[in-house]
Amino acid sequence: MTAETIILGQGRLAEITWSPDGAALAAVGSVGMWVYAAADLDAAPRLLAPADEELLCVAWSPDGTMLAAGTENGTVCVWDAVTGTLQRVLEGAYDAVSSVMFSPDSRLVASASDDRVVRVWEAATGNKLHALIGHGGTVFSVAYSPDGSALASGSNDGSVAIWDGETGEPVRRLATDGAFVNSVAYSPDGAVLVAGCVDGVAWVWDAAAGRIRHVIEAHDGTVERVAVSPDGVTLATGGDDGDVVLWDITTGGDRFTLAGHTGGVLSLAYSPDGSRLAVGSWDGAIRVWNPVDGSLLHTLHGFMDTVRGLAWSPDGRVVLTVSADDVLRLWDIENRRLRHVISGDPGWALCVAHGPAGAVLAAGAEDGAITLINGASGDEIMALEGHVQPVLALAFSPDGLLLASAGADSTVRIWDMTTGQHERTLSGYIGAVLSVAWSPDGALLAAGAQDGFLRVTDTAQWQRLYSFDCDAGQIPGVAFSPDGSILAAACENQRVRLWGMESGTAVGDLSGHQGAVLRVAYSPDGTRLVSSGQGADVCLWDSLRDSLVRVLDGHRYEVAGAAFSPDGSLLATGGGDGTVRLWPMRDQADSAANSEVE
């Protein structure tokens, strides 16, 4: 094991695009730009352009020499498509860039921004040619006509604007009955312009005359993306319902539906020859379909949304993650690859726990149900029902015989793992119970609540032993030291509070976070305490001296998962950037605070 930080996962997925020759599929997101070889999609992708900021959209130049991506900070980055060298950064937008596209001759780059402006640059020089002002809301999508004479932009002002592709002058405005426009696309011959809207409708216009051809009731929810096949015959619409529906663009009739995505559709991209349709989903997978017969050709895993929590397997070989895309992932640490993916209906996995024997996983759902899962096969064992509001935290007892669940219904419930029966309910909490932890000997159960109180229960008699007023807002994380003598609490007021279990008094108050603290965890030997929070900071503390050892920098956004491996050699942290980072924990002298791991 080297001292380098290991990163699991490819981050949050944003958009996908094929190279003009069909030889590669590029995907962008929170980590950067990943490129898959089309001839072997199952091979590991190459990180062509790592990003300093999150990438939201991507476009390949028609001549195949450049890749452009819009960022959350309002810039458009242009890379050499072969070497991955950043050529230039196009600035000028005041908000996130959600769509980019090259002109057909690869000479121009157009962008859509949250600041309501469409901008056009020269790709070779980076000179800004036009700032097209006229939309009354966020511009979500841009598309050039195949001959470059027109540029279409869709906005949440309920319209599609058509601009002259050379001068930037406004040509016409197409209305969508007030519905937000998420995506626009031209047919390959330029005769048809399509828009997908938030009300589930796809509009199809005669591009030259601006006359409506079809108004298609495409999805029950939002139409997130539209794409026209290279032969101009088929319209593909992707919805937030997870379906991709293929339509006859001439008649407006549906052909068939590509189902199987467990999250909404993020992106659609036809290969240049039309033989493959790549679909990116909120479930973190890219699925490649045969659009002729509807068969699934490939499923590419590795992307995931915000990590809500993580847990190690007892043998330290697997890290289990739960993310905002409602997917559980089991990561093989030795090979640094996904071992298993388990998905379900939206909201089925808000929190997760790994049983101490390694065979059972538990996932808490938004509807209050708890699903027990076979860790080897991914099959459901049984469902535990009792909570009437979301389950927010889970913890197995050290012997694995009991499971504690904390709910938004102001209760902690105890479940018998041998029978699956509900054994008892602990009440007396005010507001949602956000966190729960057993002491190493199983004699105590601690729970942190929304009201700022940390309550400790004696599990022999199931009587309340302590009720600590943290005076620090909500308590989203709790952890016992390995010897059970100290209880640590992650607090909303950016602090970590410590209590002694023998005395029942406060014994420490750690400060250093830049935002609310979300998680705390002790190392197996008890010498280190880690805390992570909303400020994307991970603090490593000397638990014997209550001093800050160092701050681990690397994640973007909040870090809601933190846990030491069973042997203490690695620290796993999961962040809002959709990655898990493994930090080697080498024996070393205390270093200055705020230094980075080498």
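An account of the accompanying structure is given in this report. One numbering rule holds for all chains: residues counted from 1, following each sequence as written. Restriction of local features to residues with pLDDT of at least 70 applies here, the model being predicted, together with a cutoff of 80 or more for giving and counting side-chain atom pairs; totals for whole chains, interfaces and linings are based on all residues. The side-chain quantities take in all heavy atoms of the structure and omit both hydrogens and water.

Here's the deal with the overall build of the chain
- In terms of helices and strands, the chain carries 0 helices and 56 strands.
- Computed over its C-alpha atoms, the radius of gyration of the chain comes to 26 Å, within 12% of the 25 Å expected for a compact globule of 598 residues.
- Expressed as a percentage of its 598 residues, the buried residues of the chain come to 60%.
- Considering only residue pairs separated by 6 or more positions, the chain has 40% of its internal contacts joining residues 24 or more positions apart.
- Note on areas: Shrake-Rupley with a 1.4 Å probe; residue coverage comes only from the protein chains shown. Per element, the accessible surface of the chain, about 22,500 Å² overall, is 46% carbon and sulfur.
- Just so you know, the count uses Lys and Arg for positive and Asp and Glu for negative, and it drops His and the chain ends. A charged residue contributes its charge at one atom only: NZ of Lys, CZ of Arg, CG of Asp or CD of Glu. With 34 positive and 75 negative side-chain charges, the chain shows a spacing of 3 Å between the two charge centroids. For the purposes of this entry, the term helix denotes a DSSP run of H or I that reaches at least four residues, the term strand denotes a run of E that reaches at least two, and both are numbered from the N terminus. Atoms counted for the radius of gyration: C-alpha only. Globule rule: 2.2 Å times residue count to the power 0.38. Note on classification: 1.4 Å probe, protein chains only; a residue is buried when its accessible area is under 20% of the maximum for its type, exposed when over 50%, partly exposed between these limits. Contact criterion: two residues are considered in contact whenever any of their non-hydrogen atoms come within 4.5 Å of each other.

Focus: unusual backbone geometry
- A positive phi angle is found at Ser106, which is not glycine, with a value near 65°.
- Counting through the fold element by element, Ser106 comes out in the loop between strand S10 (97-102) and strand S11 (108-113).
- Overall, the relative accessible area of 5% leaves Ser106 in the buried class.
- Phi angles above zero are rare outside glycine, and Gln494 is one such case at about 75°.
- Relative to the assigned elements, Gln494 resides in the loop between strand S47 (486-490) and strand S48 (495-500).

Considering the sheet that holds strand S33 (residues 337-343)
- DSSP calls a pair of strands paired once it identifies at least 2 bridges connecting them. Strand order in the open sheet formed by 4 strands is S30-S31-S32-S33, and the pairing between neighbours is antiparallel. Two strands lie at the open edges of the sheet, namely strand S30 (307-312) and S33, each paired on one side alone. Pairwise comparison of adjacent strand axes, ignoring direction, gives a mean angle of 20° for this sheet.
- Inspection of the sheet shows S30 paired to strand S31 (residues 318-323) by 5 bridges, in the antiparallel sense. Pairing of Leu310 across the sheet is with Thr321, part of S31. Think of each axis as a best-fit line through the C-alpha atoms, taken over the contacting stretch in the case of a helix, with angles from 0 to 180 degrees between the N-to-C directions.

Digging into the environment of Ser397
- Structurally, Ser397 can be placed in the loop between strand S38 (391-396) and strand S39 (402-407).
- Sequence spacing of Ser397 and Trp438 is 41 residues, and the spatial spacing of their C-alpha atoms is 6.0 Å.
- With near-sequence residues (within four places) excluded, Ser397 lies in contact with Pro356, Leu402 and Trp438.
- For Ser397, the side chain forms a polar contact with the main-chain nitrogen of Leu401, separated by 3.3 Å. Here a polar contact is recorded for every N or O atom pair within 3.5 Å, except that within protein the pair must consist of a potential hydrogen donor and a potential acceptor, and residues adjacent in sequence are included only if both atoms are side-chain atoms.

What to know about the layout of surface pockets
- Think of a 1 Å grid over just the protein atoms. A cavity is a set of points where a 1.4 Å probe fits yet cannot get out, a pocket is an open set with protein on both sides within 12 Å along at least five of seven lines, and lining residues have an atom within 4 Å of a point. Grid points are joined across faces, edges and corners, and a volume is the space filled by probe spheres set on the points. In this structure, the second largest pocket encloses a volume near 1,200 Å³.
- The wall of the second largest pocket is formed by 44 residues, among which Thr17, Met101, Tyr186, Val228 and Tyr270 lie closest to the centre.
- At the level of elements, strand S2 (13-18), strand S6 (55-60), S10, strand S14 (139-144), strand S18 (181-186), strand S22 (223-228) and strand S26 (265-270) are the ones that each hand at least two residues to the lining of the second largest pocket.
- Along the lines of polarity and charge, the residues of the lining of the second largest pocket split into 29 nonpolar, 13 polar and 2 charged. In the scheme used here, Gly and all other residues not listed as nonpolar or charged are polar, with Ala, Val, Leu, Ile, Met, Phe, Trp, Tyr, Cys and Pro taken as nonpolar and Asp, Glu, Lys and Arg as charged.

A short note on the packing of aromatic side chains
- Stacked, tilted and edge-to-face pairs are distinguished by plane angle, under 30 degrees for stacked and over 60 for edge-to-face with tilted covering the rest, among Phe, Tyr and Trp rings (Trp via its six-membered ring) whose centres lie within 6.5 Å. For the coordinates displayed, the defined rule picks out 4 aromatic pairs.
- Ring plane angle 15° and centroid distance 5.9 Å describe the contact between Trp203 and Trp205, whose orientation is recorded as stacked.
- Among the residues examined, Trp205 registers a relative accessible area of 2% and is labelled buried.
- The rings of Tyr466, Phe468 and Trp499 are connected pair by pair, giving a single aromatic cluster.
- The ring of Tyr429 has Arg464 sitting right over it, with the charged end atom 5.2 Å from the ring centre. By definition, being over a ring means that NZ of Lys or CZ of Arg is both within 6 Å of the ring centre and within 35 degrees of the ring normal.

A short note on empty space enclosed by the protein
- All chains considered together, the criterion is met by 1 cavity of 30 Å³ or more.
- Looking at the lining of the largest cavity residue by residue, the class counts come to 4 nonpolar, 2 polar and 3 charged.

So, the pairing of S38
- Among the 6 residues that make up S38, 5 are buried, leaving the element largely enclosed by the rest of the structure.
- Where S38 meets S39, 5 bridges bridge the pair, whose relative direction is antiparallel. Pairing of Ala393 across the sheet is with Ala406, part of S39.
- Hairpin connection, S38 to S39: the antiparallel pair is bridged by 5 residues, and Gly400 has positive phi, about 75°.

Observations concerning the sheet that holds S10
- Taken in spatial order, the 4 strands make up an open sheet running S10-S11-S12-S13, and their pairing is antiparallel. Of all the strands in the sheet, the pair left with one neighbour each is S10 and strand S13 (128-133). Taken pair by pair, the neighbouring strands of this sheet meet at an average axis angle of 15°, ignoring direction.
- When strand S12 (residues 117-122) meets S13, the two strands line up antiparallel, connected through 5 bridges. Residue Val117 lies in a different strand from S13, and its bridge partner there is Ile133.

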